[in-house]
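Listed below are the residues making up each chain.
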Amino acid sequence: MALAVVVLARTRNLFAVVVLSGLYSFLMATVLLALDAVDVAMTEAAVGAGVSTVLLLGALHLCKSEEAKPAHRPWLPLALASVTALVLIYGAMGLPDFADPQAPIHQHVVPRYLQNEVDVPNVVTAVLASFRGYDTLGETTVVFTAGAGIIALLRRPGRRARVEEAPPCADLLLRLIGKLLIPFVLLFALYVQFHGDYGPGGGFQAGVIFASGIVFYALIFGVENARRVMPDRLVERMIAAGVLLYLGVGVAGLLLGGNFLDYFVLDPDPVHGQHRGIFWVEVGVLITVCGVMLKIFYMFASRGRGEERG
Amino acid sequence: MIEHFSYIVTVFLMVAGLYVVIARGNLIKKLVGLSIFQTSVYLLYIAPGKLIGGTAPILAPQYGIYSNPLPHVLILTAIVVGIATLALGLALAVRIREVYGTIEEDEILALDHQVEAAQEPRGEQREEKGA
């Protein structure tokens, strides 16, 4: 992995850089898997290696793919980076040893999380949607804001984007395999979503996987065809609807006499209430994340290279 | 030393990302550097949560020791937010490319200076006319 990073820093062809960073993400996902972070590894593989590679390639398509020669010598940044590294390593020596069960991180609130109060076997999902529901609401809002920002940056007011569509890939093999695979990708996304309580998975991962299924479709059959399946208006609505659904769950808790995002009151049986709250919150996250990813992809795809000089 | 190995790897990745961000003028390259920096933070959070002999935090009767789920939650959301901000950065880069015709920092700065130099004398002339 370190090798990949070093090559990455030295390569000037941006195309190679993007492919290398995808490789790096996969390696990182493997490391995370080895560290028992299955949910995180899944997200990293889907996001880092899948979606961000597609986005970077899309941006490269709109820009030049060759980096200019650096104008000044790299010694100053290199020295600065080395000094930072030394200071950080010196600081890290004071941190607890690797895998030390007595480390403060394992002492504070975590034993309570592991007691499974809400009866959801995947503790990550329980903490994400229930114990730290406010955090997740905040994160969803950040994703929403980023999507809105991109729409604001890349939209041309009034004028309908004139898209010179490359003819959809005519390769029979690609089409065939695409047709075979895409339903399974979408199904897998739904499985990840609804099985998130029991195995690794949840709204964030499912949203990204679902979006990448559609992106896959768009890459093989052309963006216009994908737009027909998932029209722009629907995608934009999805971005807002997800956050609203999340907020709605919170407000429902308020109306039923609990606190904001209090799931215990959603059902006469508190544990069922928790399940219900977590379920709807995850659906909200799924909708927003999927909408934002698709919207970003559409925005990049619909900006042809030819018209940017106008 | 060996028990701090994970921190050393983290620091190396972080510093490599930092170096790319500072030393390279290309905006997309900078963004890639930024995301490497970001992944090092993921590692920084996840690594301390691991317990030797522990398993992934999915409760099952046959396991007793679980890795710490809290960092997983934090980083899970951080990754998705990271891609969203990366996309925002890319969108900015694309817009800059449309306006300036380049995404090299030096060239953008040079263009800015040209524009300033072109505007200053005109401003003075206008002041003189006003006086």
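Residues numbered from 1 in each chain as written. Chains lettered and ligands numbered in written order. Predicted model: local features only at pLDDT ≥ 70, side-chain atom pairs only at ≥ 80, totals over all residues. Heavy atoms only, no water.

### What about the overall build of chain B?
Across its full length, chain B holds four helices and zero strands. Sorting the 131 residues of chain B into buried and exposed places 53% on the buried side. A sequence separation of at least 24 residues applies to 46% of the contacts in chain B between residues at least 6 apart. (Helix = DSSP H or I, 4+ residues; strand = E, 2+ residues; numbered from the N terminus. Buried < 20%, exposed > 50% of the residue type's maximum accessible area, 1.4 Å probe, protein only. Contact = heavy atoms within 4.5 Å.)

### As for empty space enclosed by the protein
Applying the stated criterion to the full structure yields four cavities of 30 Å³ or more. Taken together, 18 residues make up the lining of the largest cavity; nearest its centre are Ser25, Gly48 and Ser52 of chain A together with Ser35 and Thr39 of chain B. With six residues, helix α2 (residues 27-46) of chain B is the largest single contributor of residues to the lining of the largest cavity. Tallied by class, the residues present in the lining of the largest cavity amount to nine nonpolar, eight polar and one charged. (1 Å grid on protein atoms, 1.4 Å probe; cavity = no way out; pocket = protein on both sides within 12 Å on 5 of 7 lines; lining within 4 Å. Points joined across faces, edges and corners; volume = space filled by probe spheres on them. Nonpolar A, V, L, I, M, F, W, Y, C, P; charged D, E, K, R; others polar.)

### Some details on the environment of Leu255 of chain A
Residues and elements named next belong to chain A. Structurally, the position occupied by Leu255 is in helix α11 (residues 232-255). Assessed through its relative accessible area of 71%, Leu255 is described here as exposed. Considering only alpha carbons, one finds Leu255 and Leu76, 179 residues apart in sequence, at a separation of 59 Å.

### Observations concerning helix α3 (residues 38-62) of chain A
Residue and element names in this part refer to chain A. A rise of 1.5 Å per residue sets the reference length of α3, with its 25 residues, at 36 Å; its end C-alpha atoms lie 35 Å apart and thus fit the reference within 8%. Along α3, the sharpest kink reaches roughly 35°, centred on Ser52. Most of α3 is tucked away, with 18 of its 25 residues classed as buried. (Expected span 1.5 Å × (residues − 1). Bend = angle between axes of the 7 residues up to and from the residue.)

### Here's the deal with the confidence of the model for chain B
Residue and element names in this part refer to chain B. Chain-level pLDDT for chain B is 75 on average; 79% of the residues reach the 70-or-more range. For the stretch residues 125-131, pLDDT sits under 50, and the model shows zero contacts to residues farther than four places along the chain or on other chains. The ipTM, which scores confidence in the relative placement of chains, is 0.72 for this predicted complex, and the corresponding pTM is 0.74. (pLDDT = per-residue confidence, 0-100.)

### Quick notes on the packing of helix α8 (residues 172-194) of chain A against helix α9 (residues 203-221) of chain A
All names here are of chain A. Close contact between α8 and α9 brings their axes to 8 Å; oriented N to C, the two are set at 165°. As the angle between them shows, α8 and α9 are arranged roughly antiparallel. Crossing hand, α8 versus α9: left-handed. In contact with Leu174, Arg175, Gly178, Lys179, Leu181, Ile182, Val185, Leu186, Phe188, Ala189, Val192 and Gln193 of α8, α9 contributes Gly203, Gln205, Ala206, Ile209, Phe210, Gly213, Phe216, Tyr217, Ile220 and Phe221. Counted by class, the contact of α8 with α9 contains 15 nonpolar, five polar and two charged residues. (Axes fitted to C-alpha atoms, helices over the stretch in contact; angles between N-to-C directions. Parallel < 35°, antiparallel > 145°, perpendicular 65-115°, else oblique. Left-handed = near helix turned anticlockwise from the far one by under 90°.)

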